[in-house]
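Below are the chains, spelled out letter by letter.
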Amino acid sequence: EPEVTQTPSHQVTQMGQEVILRCVPISNHLYFYWYRQILGQKVEFLVSFYNNEISEKSEIFDDQFSVERPDGSNFTLKIRSTKLEDSAMYFCASSELISTGSNTGELFFGEGSRLTVL
Amino acid sequence: LAKTTQPISMDSYEGQEVNITCSHNNIATNDYITWYQQFPSQGPRFIIQGYKTKVTNEVASLFIPADRKSSTLSLPRVSLSDTAVYYCLVGDNVAAGNKLTFGGGTRVLVKP
């Protein structure tokens, strides 16, 4: 079964450092997402991406965050200058192009990248 | 997006049926009801989606009454591996671009 893969599985960084989290979405999917989950809290939407541009972003996704699809397969989340409160599990997800009616709009999530900011 | 309310936690035993009811009084005409499952330290996983009446797949059943103001996820004969958090989400897939808004979910603990 096709799956979303994420690297690294765990990254420890110092406050103020830049971090890039990488994702390989399912190959025929066209919508891509980043979510995060702080330990013990809800899964929170960060950003959605379609047709090489951001389609929606949350309040969490401020200027410190950016996303990119540098080639045909990877989808990255960059945090420019990490803060302690950025420590969380970051999930990448992808979905097929939405069509009305029969498509469930199911999102396929990766296993996550755990970011620890010291 | 319609707000959802579901129990914070439920305990069950192996082999029992688990039913989790979600309230969504403000559901809109175009909204679908979707359930996701999340195991510890893993990403959420789609379980089932429905619009009205009953939907069944190999994992679960989803019961939706005529007024659609609530829904019940039914997990038949649970095992220890069904211990997870179960999220009820309500929204218009097309308008939301598949963006999901997760609530707190229901933490299901299956005991031996």
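Predicted model, so just to flag it, every value in this text is computed and none were measured.

J.: Pulling in residues and values, what's your account of the state of the cysteines?
T.: For the structure on display, the rule yields 2 disulfides over all chains. Shown here is the disulfide that connects Cys23 of chain A with Cys92 of chain A, its sulfur atoms set 1.9 Å apart. Linking Cys23 of chain A and Cys92 of chain A, the disulfide has an S-S dihedral of approximately -65 degrees and is accordingly described as left-handed. Taken as a pair, Cys23 of chain A in strand β3 (residues 19-24) and Cys92 of chain A in strand β9 (residues 88-95) lie far apart in primary sequence, 69 residues in all. A residue is classified by how much of its surface remains accessible, and Cys23 of chain A, at 1% relative accessible area, is buried. For Cys92 of chain A, a relative accessible area of 0% puts it in the buried group. Each sulfur in the disulfide pair Cys22 of chain B and Cys88 of chain B lies 2.2 Å from the other. On the S-S bond that ties Cys22 of chain B to Cys88 of chain B, the torsion sits near -80 degrees, and the link is left-handed. With Cys22 of chain B in strand β2 (residues 18-23) and Cys88 of chain B in strand β8 (residues 84-91), this pair connects stretches of sequence that are 66 residues apart. There is no split in this pair, since Cys22 of chain B and Cys88 of chain B are both buried.

Here is what the cut-offs are and how they apply
- Residues numbered from 1 in each chain as written.
- Chains lettered and ligands numbered in written order.
- Predicted model: local features only at pLDDT ≥ 70, side-chain atom pairs only at ≥ 80, totals over all residues.
- Heavy atoms only, no water.
- Disulfide = S-S within 2.5 Å.
- Helix = DSSP H or I, 4+ residues; strand = E, 2+ residues; numbered from the N terminus.
- Buried < 20%, exposed > 50% of the residue type's maximum accessible area, 1.4 Å probe, protein only.

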